[in-house]
Amino acid sequence: MRKKITIIGAGNVGATAAHWAVVRGLGDVVLLDVVEGVPQGKALDLWQSGPVENFAWGVKGSNDYADSADSDIVIITAGLARKPGMSRDDLLAKNVAIVKSCTEEAVKFSPDCVLIVVTNPIDAMVYTSYKVSGFPRNRVIGMAGVLDSARYRTFLADAIGVAPTDVNAMVMGIHGDNMLPLVRLANVAGIPITDLLSEERINEIVKRTQMGGIEIVNHLKTGSAFYTPGLSAVEMAEAIVKDSKRVLPCAAYVDGEFGISGCFLGVPVVLGDKGVERIVEFELTGEEKTALNESVAAVQNQMTATGL
Ligand code: A3D
């Protein structure tokens, strides 16, 4: 049966995710927002690309959660985005109320869905959705690692002069300045990047990855990144609707994995039709563990700030 994907928030990330979901043929798409007319107009425009792009699935814009009923996946992008001078944490108070209400409404109509949260600060917002939904941990996932890793892979590929798809590299931890772009495991078709780039160049790329979001905010001035964030959420949704067992870095609830418990954190997970099938654990070096623990402390502060 055709799958149904609801995207809440028809702004930059939401509309872009709708576009990628339609192009990749994930199923029927509902675009939902509080602002009247915006989701309807964007969905109608996207739906009319069917004859040109060669697809026949539905795209509907709405302000009514009844239209999201029985979704397989709900992607939450509703909320404020950063502007220059703002940290992701500055968004917390306003976005926690938005994500809370979106989650409550979404799960009322789609009690069996998988929730993918994109709203920032992501690690706190996915925790909000987890607490409010009452869903098991496998069905509430945050998007950040796919995006951060895509940025890391792009910068590495550019520096080495190879195709970005041949660069395997992962970012773990918080979606913030303490994120952990793993150097030891990054490679090009199996060849360690440490054999291909100087330590100084790698350090520059790690720093640029950690600041990848603000680099774009400072260019745009009116908002934050949306093309790759929208695609990254759809990459996760696709792995779930196709039950493909992709291994993707996602914000998942850790419960003993990597020796950490009780918080959402960017970790590699296997995605299948139930959402997170498992977290892929592996041995970290002492230095990596220290860096990951800094992420945990920062996420725990954010979780406390949600008041949940
Ligand atoms: P923007 O283009 O402003 O769109 C946000 C949309 O949310 C607007 O259309 C609003 O009308 C809508 N909205 C607000 N409140 C509600 C509500 N209660 N119910 C339904 N819709 C509502 O922002 P954006 O699309 O650029 O960014 C959306 C969020 O994603 C922000 O919090 C960003 O910080 C976040 N984001 C996260 C990442 C990650 O990697 C985690 C990347 C990029 C953006």
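Residues numbered from 1 in each chain as written. Predicted model: local features only at pLDDT ≥ 70, side-chain atom pairs only at ≥ 80, totals over all residues. Heavy atoms only, no water.

Novice: In this structure, what is going on with the sheet that holds strand β10 (residues 187-188)? I would like to understand it.
Specialist: Each strand in a sheet pairs with another by means of backbone hydrogen bonds, the pair being arranged parallel or else antiparallel. Taken in spatial order, the three strands line up as β7-β10-β11 in an open sheet, and their pairing is antiparallel. If you trace the sheet from one side to the other, it starts and ends with β7 (167-168) and β11 (191-192), each paired once. The pairing of β7 with β10 spans two bridges and is classified as antiparallel. Each bridged residue has a counterpart across the sheet, and for N168 the counterpart in β10 is N187. (Pairing = 2+ DSSP bridges. Helix = DSSP H or I, 4+ residues; strand = E, 2+ residues; numbered from the N terminus.)

Novice: Help me understand a nonpolar patch on the surface, please; the structure alone is not making it clear to me.
Specialist: On the surface, a nonpolar cluster with roughly 260 Å² of combined accessible area is contributed by V34, V35 and V38. Residue placement: V34 occurs in the loop between β2 (28-32) and α2 (38-47). (Patch = residues over 30% accessible without salt bridge, like charges linked within 9 Å, V, L, I, M, F, W, Y side chains within 5 Å. Areas by Shrake-Rupley, 256 points an atom, 1.4 Å probe, with all protein chains shown as cover. Salt bridge = Lys/Arg side-chain N within 4 Å of Asp/Glu carboxyl O.)

Novice: Just to check I follow, could you spell out the packing of helix α4 (residues 92-109) against helix α5 (residues 122-133) for this structure?
Specialist: Between α4 and α5, the shortest axis-to-axis distance is 9 Å and the interhelical angle comes to 35°. Crossing geometry of α4 relative to α5 is assigned as right-handed. When α4 is examined against α5, the residues L92, N95, V96, V99, K100, T103, E104 and V107 are found in contact with a partner set consisting of A124, M125, T128, S129, V132 and S133. Its residues placed into classes, the contact of α4 with α5 shows seven nonpolar, five polar and two charged. (Axes fitted to C-alpha atoms, helices over the stretch in contact; angles between N-to-C directions. Left-handed = near helix turned anticlockwise from the far one by under 90°. Contact = heavy atoms within 4.5 Å. Nonpolar A, V, L, I, M, F, W, Y, C, P; charged D, E, K, R; others polar.)

Novice: I'm lost on helix α6 (residues 145-160) in this one. Help?
Specialist: Residue pairs spaced three or four apart in an α-helix point in one direction, given the helix's 3.6 residues per turn. When the terminal C-alpha atoms of α6 are compared, their 22 Å separation across 16 residues agrees well with the 22 Å that a helix rising 1.5 Å per residue should span. Of the positions making up α6, those classed as buried are G145, V146, L147, D148, S149, R151, Y152, F155, L156 and A157. Two residues or fewer after α6 comes G161, characterised by a positive phi angle close to 85°. (Expected span 1.5 Å × (residues − 1). Buried < 20%, exposed > 50% of the residue type's maximum accessible area, 1.4 Å probe, protein only.)

Novice: Could you clarify how one ought to interpret the site of the ligand in this entry?
Specialist: Near the ligand there are 28 residues, and of these N12, V13, D33, L80 and V118 occur at the shortest range. The backbone of V13 places a nitrogen or oxygen atom 2.8 Å from an oxygen atom of the ligand. Here L80 contributes a backbone N or O atom positioned 2.6 Å from an oxygen atom of the ligand. In the complex, 85% of the free accessible area of the ligand, which totals 870 Å², lies under the protein chains. It is α4 that provides the largest number of residues to the shell around the ligand, a total of three residues. Of the residues contributing to the shell around the ligand, the split by class is 17 nonpolar, 10 polar and one charged. Formed jointly, the shell around the ligand draws a minimum of three residues from each of two domains, domain 1 (4-142) and domain 2 (145-306). (Near = heavy atom within 4 Å. Polar contact = N/O pair within 3.5 Å; in protein donor to acceptor, adjacent residues only side chain to side chain. Domains from an automatic or database assignment.)

Novice: Help me understand the side chain of R151, please; the structure alone is not making it clear to me.
Specialist: By the secondary structure assignment, R151 is in helix α6. With residues near it in sequence (within four places) discarded, R151 still touches G212, G213, I216 and A225.

Novice: Which parts of the structure should I look at to understand the domain arrangement of the protein?
Specialist: The domain boundaries assigned to the protein delineate domain 1 (4-142) and domain 2 (145-306). Look at where the C-alpha atoms of domain 1 and domain 2 centre, and you get two points 21 Å apart. Taken together, the 37 residues of domain 1 in the interface contact 45 residues of domain 2. Where domain 1 abuts domain 2, roughly 3,600 Å² becomes buried across the two surfaces, and 67% of that area is made up of carbon and sulfur atoms. Taken as a group, R24, D123 and R137 account for 19% of the area that domain 1 buries against domain 2, more than any other trio of residues on that side. Applying the counting criterion to the domain 1 and domain 2 interface returns three salt bridges. The closest approach of N and O atoms between R24 and E235, which form a salt bridge, is 2.6 Å. For the pair domain 1 and domain 2, the interface holds 12 residue pairs in polar contact (both at pLDDT 80 or more). It is α5 that contributes the most residues to the side of domain 1 that touches domain 2, seven residues altogether. Partitioned by chemical class, the residues of the side of domain 1 that touches domain 2 number 23 nonpolar, six polar and eight charged. (Buried area = accessible area lost by both parts, 1.4 Å probe.)

Novice: What's the story with the side chain of T103 in this structure? I'm lost.
Specialist: Relative to the helices and strands, T103 is located in helix α4. At 2.7 Å, the side chain of T103 and the backbone oxygen of V99 are in polar contact. Excluding anything up to four places from it in sequence, T103 contacts I76, L115, S129, V132 and S133.

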